[in-house]
Amino acid sequence: MNPRLRNGASYKSADGATALYLNGNGTYAEVPAVNLHELSAFTIMCWVKVQEPAENPGYIFADWSSPQQFSIWVHDGQKAVYFQLKNKFGQNLISMYTG
């Protein structure tokens, strides 16, 4: 599956690997939607290198269905990465962050 790169999103070489680069100015990549509520088990995984603290929510990976199923983002003027998972009624199942 190849993501569709939008608004200047690009691949760059960093730390000996090729990475998706999002500059924080509306860049993003699209991947096909998956209904997580129909799965009995799943894994969401990503490696994130936050270069600067985010002043506004900077979404790294998210589902935009209604209700939203999950989101991974940086925010609060920190380099912390947040994760949130919701059930099919939009209620939080997991909400956590790393610092």
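Scroll up a little and you will see the structure.
Reading guide: rules and limits
Residues numbered from 1 in each chain as written. Predicted model: local features only at pLDDT ≥ 70, side-chain atom pairs only at ≥ 80, totals over all residues. Heavy atoms only, no water. Helix = DSSP H or I, 4+ residues; strand = E, 2+ residues; numbered from the N terminus. Contact = heavy atoms within 4.5 Å. Areas by Shrake-Rupley, 256 points an atom, 1.4 Å probe, with all protein chains shown as cover. Lys, Arg positive; Asp, Glu negative; His and termini not counted. Charge placed at Lys NZ, Arg CZ, Asp CG, Glu CD. Polar contact = N/O pair within 3.5 Å; in protein donor to acceptor, adjacent residues only side chain to side chain. Pairing = 2+ DSSP bridges. Axes fitted to C-alpha atoms, helices over the stretch in contact; angles between N-to-C directions. Buried < 20%, exposed > 50% of the residue type's maximum accessible area, 1.4 Å probe, protein only.

Asker: I tried to follow the overall build of the protein on my own but got confused; where do I start?
Answerer: Looking only at helices and strands, the protein has 0 helices and 8 strands in total. Listed by position from the N terminus, the elements making up the protein come as β-β-β-β-β-β-β-β. A principal-axis box enclosing the C-alpha atoms of the protein has dimensions of 35 × 30 × 25 Å. In the protein, once contacts between residues fewer than 6 apart in sequence are set aside, the share between residues at least 24 apart is 26%. Accessible surface, the protein: about 7500 Å² in total, of which carbon and sulfur atoms supply 50%. The averaged location of the 7 negative side-chain charges in the protein is 4 Å from the averaged location of its 7 positive side-chain charges.

Asker: Explanation requested: the side chain of T27 in the structure shown.
Answerer: Within the element layout of this structure, T27 appears in the loop between β3 (17–21) and β4 (28–30). Of the polar contacts made by the side chain of T27, one reaches the backbone nitrogen of N23; its length is 3.1 Å. Residue contacts for T27: discarding those within four places in its chain leaves R6, N7, G8, A9 and L22.

Asker: Help me out: how do you make sense of the sheet that holds strand β6 (residues 70–74) in this one?
Answerer: Within a sheet, adjacent strands bond to each other through the backbone by hydrogen bonds, running parallel or antiparallel. Here we have 4 strands laid out as an open sheet, ordered β5-β6-β7-β8, and antiparallel in their pairing. Bordering the open sheet on either side are β5 (58–62) and β8 (92–98), each of which pairs with just one other strand. Going from strand to strand, the sheet's axes swing by 15 degrees on average, the running direction of each strand aside.

Asker: What should I look at first to understand unusual backbone geometry in this one?
Answerer: Leaving glycine aside, a negative phi is the common case for residues, and trans is the common case for peptide bonds. Located in the positive-phi region is N7, a residue other than glycine, with phi close to 55 degrees. Tracing the sequence through the fold places N7 in the loop between β1 (4–6) and β2 (10–14). Exposure remark for N7: the relative accessible area of 56% places this residue in the exposed category. A positive phi angle, close to 55 degrees, is found at D15, a residue other than glycine.

Asker: Which parts of the structure should I look at to understand the pairing of β3?
Answerer: Each regular strand displays side chains that alternate between the two surfaces of the sheet. Relative to β3, β2 is paired through 5 bridges, and the arrangement is antiparallel. Directly across from A14, in β3, lies its bridge partner A17.

Asker: Help me out: how do you make sense of the pairing of strand β7 (residues 81–86) in this one?
Answerer: Of all 6 residues in β7, 5 are buried, a share of seventy percent or more. Pairing geometry for β6 and β7, over 5 bridges, is antiparallel. From the neighbouring strand, W73 faces β7, where its bridge partner is Y82. Counted along the chain from β6 to the antiparallel partner β7, the turn is 6 residues long, and its residue D76 has a positive phi close to 65 degrees. Here β7 pairs with β8 via 6 bridges, running antiparallel. The residue bridging V81 from the neighbouring strand is T98, located in β8.

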